[in-house]
Amino acid sequence: MTDSAARQTPGPGAEPGGGAEQGAVAGAGPGSGAGPRAEVRRVARVVLLDADDRILLMHGYEPDHPDRTWWFTPGGGLEGDETRQEAALRELAEETGITDIDLGPVLWTRYCSFPFDGRRWDQDEWYYLARTRRAEAAPRPQALTELENRSLAGLRWWTSAELSAARETVYPTRLAELLRTLLDEGPPRAPVVLAPEIV
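One structure accompanies this document, and this report is about it. No experiment lies behind these values; they were computed from the predicted model shown. Sequence order as written defines residue numbering, which begins from 1 separately in each chain. Confidence filtering applies because this is a predicted model: local features only for residues at pLDDT of at least 70, side-chain atom pairs given and counted only at 80 or more, and all residues used for totals across whole chains, interfaces and linings. Note: side-chain values were computed over all heavy atoms of the structure, leaving out hydrogens and water.

Here the focus is unusual backbone geometry. Residue Pro-172 is reached from Tyr-171 by a cis peptide bond, and omega for that bond is -5°. Each helix corresponds to a stretch of at least 4 residues labelled H or I by DSSP, and each strand to a stretch of at least 2 residues labelled E; elements are numbered beginning at the N terminus. The topology assignment puts Pro-172 in the loop between strand 8 (170-171) and helix 4 (175-185). Backbone geometry at Asp-53 places phi at a positive 65°, although glycine is not the residue there. Tracing the backbone shows Asp-53 in the loop between strand 1 (41-49) and strand 2 (55-62).

Here's what the structure looks like:
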């Protein structure tokens, strides 16, 4: 997981909630217990669909344990004073080379916490819907960080059926179900708060 993993669990417009950036899910993340509150990283992720309703996922692994692999959506942490939408577009371009897209609404939000590359990552993630404007988009990373270069194995388009049948680890863990609902019913009227994932 790289800055990408930090984008995901191993193993410009209005934001949801009226514009204020949200923190971790109440009672679910750091600070909900007796210990000191950890910094929660704000992350924008992209649920990128092509003309055939396939979703683009990245294949990651633990740098020191290449056998520990998983699939996850493109995205990463906010830099400077950029908005989540700006971060989503930047991360997608850096990780996939795809820039010709229509960025849609926030579909889901979630808090996650996981170990990766020798440290623990605590994240508040927002998942944006996006569509490629071309029928064929060949994803290829353009500007990976050193950590990403050590922990990314590639990218792949998945059909909903392939994702539902997958035996590999995918994050968020309900992605196959969430994608099927999205394709059947369209985007939710308001972002759905997913259950926290703590690994």
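Take the pattern of salt bridges next. One speaks of a salt bridge when a side-chain nitrogen belonging to Lys or Arg is within 4 Å of a carboxyl oxygen belonging to Asp or Glu. Applying the stated criterion across every chain, the model contains 13 salt bridges. One salt bridge in this structure joins Glu-79 and Arg-90, with 3.4 Å as the shortest N-O distance. In this pair, Glu-79 sits in the loop between strand 4 (75-77) and helix 1 (84-96) while Arg-90 sits in helix 1, placing the two residues eleven residues apart along the sequence. Using a relative accessible area of 46% as the deciding quantity, one classes Glu-79 as partly exposed. Categorising residues by exposure relies on relative accessible area from a 1.4 Å probe, with only protein chains included: less than 20% of the type maximum marks a residue as buried, more than 50% marks it as exposed, and the intermediate range marks it as partly exposed. Overall, the relative accessible area of 16% leaves Arg-90 in the buried class. Between Asp-184 and Arg-180 there is a salt bridge, with the nearest N and O atoms lying 2.9 Å from each other. Here the residue Asp-184 and the residue Arg-180 both occupy positions in helix 4, the gap between them amounting to four residues, near one helical turn. The exposure class assigned to Asp-184 is exposed, which follows from its relative accessible area of 53%. What makes Arg-180 partly exposed here is its relative accessible area of 36%. What you see here is one network of salt bridges that share partners, running through Glu-79, Glu-82, Arg-90, Glu-91 and Glu-94.

Most of strand 6 (residues 119-132) is tucked away: eleven of the 14 residues are buried. Note: two strands are recorded as paired if DSSP finds a minimum of 2 bridges between them. One ladder, built from nine bridges, connects strand 1 with strand 6; its direction is parallel. Counterpart to Ala-44 in the pairing with strand 6 is Trp-126. Bridge count for strand 5 (residues 101-116) against strand 6 is 13 bridges, and the pairing is antiparallel.

In short, geometric facts, not functional conclusions.
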